[in-house]
Amino acid sequence: MNPIEVRDLKKYYGEIKAVDGISFTVKEGEVFGLLGPNGAGKTTTIEILEGLREEDEGEAKVLGLDPWKNGYDLHKRIGVIPQQFTFFEKTTPREAIKYYAALFSVKVDPDEILHQVLLEDSAKNRFENLSGGQKQKMGLALSLVSQPELLFLDEPTTGLDPTARRAIWDVIQGLKAKGKTIVLTTHYLEEAQHLSDRVAIVNHGKIVAMGTSDEIIEQFGSGERLDIHGSPELADYIRANTELRVDYDQSSQCLSIPLVRKIDALAALAAAEQSGLDWGEVHTTNDSLEDVFIKLVRGAVDESGNVTTGDNAPQTQTQKMTKRRNK
Amino acid sequence: MSSARRTIADLRVFGKGYIRNGAALFFGIIFPVILIGLFGAIFAGSGSGQVSVYVQNKDAGLTFPAHINVGAQFADAINGTLPNGTKVSGSWPINVKALVDPSENFTKYLADHSASDGIIIPENFTASFLAGETENITVYGNPTSSTNGIVIGTVEGIATSFNLNYFQQKYNDTTPAIINIATATVNTQQTKYIDFLIPGLIGFSILVSPMFAMVNITSEYKKTKLFKQLSLTPLHKMEWLASKVIWYILLSVISFMLLVAVGIFGFGAHITLTPWLIPFLILGPMLFSSLGMLVGTISKSVESASVLGNIITFPMMFLSGTFFPLSTMPQYLQSFAHVLPLFYVVEGLNNVMVYGNISAALIDIGVTTLITVIFFVAAAKLFKWRED
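## Overview of the overall build of chain A
Point 1. The helix and strand inventory of chain A stands at 12 helices and 16 strands.
Point 2. For chain A, the C-alpha atoms occupy an extent of roughly 80 × 45 × 35 Å along the three principal directions.
Point 3. Within chain A, the proportion of its 327 residues that are buried is 44%.
Point 4. Within chain A, contacts between residues at least 6 apart in sequence are counted, and of these 69% link residues at least 24 apart.

## Brief notes about the sheet that holds strand β9 (residues 206-211) of chain A
Residues and elements named next belong to chain A.
Point 1. Strand order in the open sheet formed by 6 strands is β5-β6-β7-β3-β8-β9, with mixed pairing between adjacent strands. Only two strands of the sheet have a single partner each, and these edge strands are β5 (78-81) and β9. Each strand axis lies, on average, 15 degrees off the axis of its neighbour in the sheet, ignoring direction.
Point 2. Along the sheet, helix α6 (residues 162-177) contacts β3 (31-35), β6 (150-154) and β7 (181-186); its crossing angle with β7, the most-contacted strand, is approximately 150 degrees.

## Some words on the interface of chain B and chain A
Point 1. Counting residues at the interface gives 22 residues for chain B, matched by 20 residues for chain A.
Point 2. Put simply, the parts of the chain that give the side of chain B that touches chain A at least two residues each are α1 (2-20) and α8 (226-231) of chain B.
Point 3. Of the residues in the side of chain B that touches chain A, the class split is 6 nonpolar, 7 polar and 9 charged.

## As for the domain arrangement of chain A
Point 1. Taken domain by domain, chain A comprises domain 1 (4-218) and domain 2 (223-286).
Point 2. For domain 1 of chain A versus domain 2 of chain A, the distance between C-alpha centres works out to 46 Å.

## Here we look at α1 of chain B
Residue and element names in this part refer to chain B.
Point 1. Compared with the 27 Å implied by 1.5 Å per residue over 19 residues, the 27 Å span of α1 between its first and last C-alpha is a close match.
Point 2. What α1 keeps buried is the set Arg6, Thr7, Ala9, Asp10, Val13 and Phe14. In an axial view of α1, the angular spread of the buried residues amounts to 160 degrees, which keeps them on one side of the axis. Turned more than 90 degrees from where α1 packs its buried face, Ala4 and Ile19 sit exposed.

Reading the values: rules and limits
- Residues numbered from 1 in each chain as written.
- Chains lettered and ligands numbered in written order.
- Predicted model: local features only at pLDDT ≥ 70, side-chain atom pairs only at ≥ 80, totals over all residues.
- Helix = DSSP H or I, 4+ residues; strand = E, 2+ residues; numbered from the N terminus.
- Buried ≥ 20, exposed ≤ 12 C-beta atoms within 10 Å, placed from the backbone.
- Contact = placed C-beta atoms within 7 Å.
- Pairing = 2+ DSSP bridges.
- Axes fitted to C-alpha atoms, helices over the stretch in contact; angles between N-to-C directions.
- Nonpolar A, V, L, I, M, F, W, Y, C, P; charged D, E, K, R; others polar.
- Domains from an automatic or database assignment.
- Expected span 1.5 Å × (residues − 1).
- Arc of directions from axis to C-beta.

Here's what the structure looks like:
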């Protein structure tokens, strides 16, 4: 049995369809990322799974339990960091861990947990004096107290600076290495790509794409292209002498040829050579997850997770093949 | 068992946080003590002057051979006026609060006026005095009160002066005393402002600490989703609420002890400490924790919770007899006070500590219990860990 099974989940707030028929499965030991802009329905989905909200329709099973009806039992087996984790201002991480240990009736070594989340140095600082990253680490620490099989991390790095974000990633990767199953929501593409085994892109309450990054790019990307730096005449020549489609971008003076088959690259280069015209740098490109994401949610997402309109969205960026393959 | 453990764990974390929060500690514990010092000092100053006594002059005086009423002269002397009409110079320790009609039952009159100090001048005082026959002036008072001694001493002085005067005039002799001083014990304790102030300020601290804190915590935790987070632990909301109530009961007891100590040792307050106080020290914090939680729960934002909290708290703070006895207020305010929950706590504390009127306090305990149950049930029902 999979730790999480969600089938056709729906949650409406009046006219607003916060979650509109979401289905997915999370396998044991997997890091599953729910990626999407603000208001896409990520948090509502994850809160239904945590038993904090009741679904209107559909079915969710978490560790075999109905999260809403069996919330109390479920909570002993899952760890959660809610969005923008907060705690009692005057309480230190060490005290908080002891408090949670008493609530869960478990014996824990606070130092070991603090070490796991890289928070030993601030063990005795009050919550109000912790930095944003340290606060999130404390949230992670508390979610680990009950030694859960399954962790829900709702936007664990939102609002953190890049260094703090990296530190949280290290912690999450450490947990993954220990075999924990993790569900993660984020509006940072890089985060989803970096941490998740599989990603579901959520928009307007629906999953618009799901799979590994490569699978999503494969399915929704515009495919591999050959870019050649050259003149419009070169573009005309290749069009005339091959079966290939050639797009030309005036501003960058670049020909772009979709590669239906790898061998098409050879035909294009042969034609360029035959033309006797000047041509410069050559490389192949492919869509990144970000390109696909922008296409699917019809806009980019800014730092705080809001969709910027399609017009203002940054142009589709190319990425060198070699870079992606190295991942 | 584990429920108790969770409650205690929550109590420890909350208590630590409370103690580390200087402002909360100041308003909960220190502020009422400052208030008692302040009010006590202000009113102790004005009250330290003369002792007021009620005088019942039963002496009708004589009309023949001349109009004379030695009893009235004696009463004037109590006020510091000599029979020849001159005022005693310097400070005079006592004054006549009122002349009581001879037909009144004097002890009952004193009790009705919450007074202990009184003097009765007997019938035929003039006749006996002029005939040189012994008569008793009776001084009523509560022997435990310092004012009693002042009154007795002063009246003795006046009597001696009258005796001397008479014999000097008549016999130029000092032998027998015609006016003797008899004393009578009155159990009514003359209540002073400080006596009202102690139960009032205990009520104040029972109201203010839990009320403001719970309004703030409940609305704030709702906003920051801290409740949601706690709902992800095995802690029940009733355990959470119980730990808050226990904490504020502890605070009230500490505040109670401080105020009583300062009142008694600092200002010589006369208050009674009995187990009948316990219901108020338990019910009060429970009542206002629940009310605070209710306000925080039904409010949409932290700001509106704070406004609603203030609207409820401030009238209660001033109009429930906390700083001034209700009897000094206009009738319509006295009637209004009866809808304020704190009124029953303060009235009850007064009945127990000041008047020793337990049967009246029982009614206050009953009303307070009822209000507490209503607010507690409403708060526990409306307050939600999770959303739906």
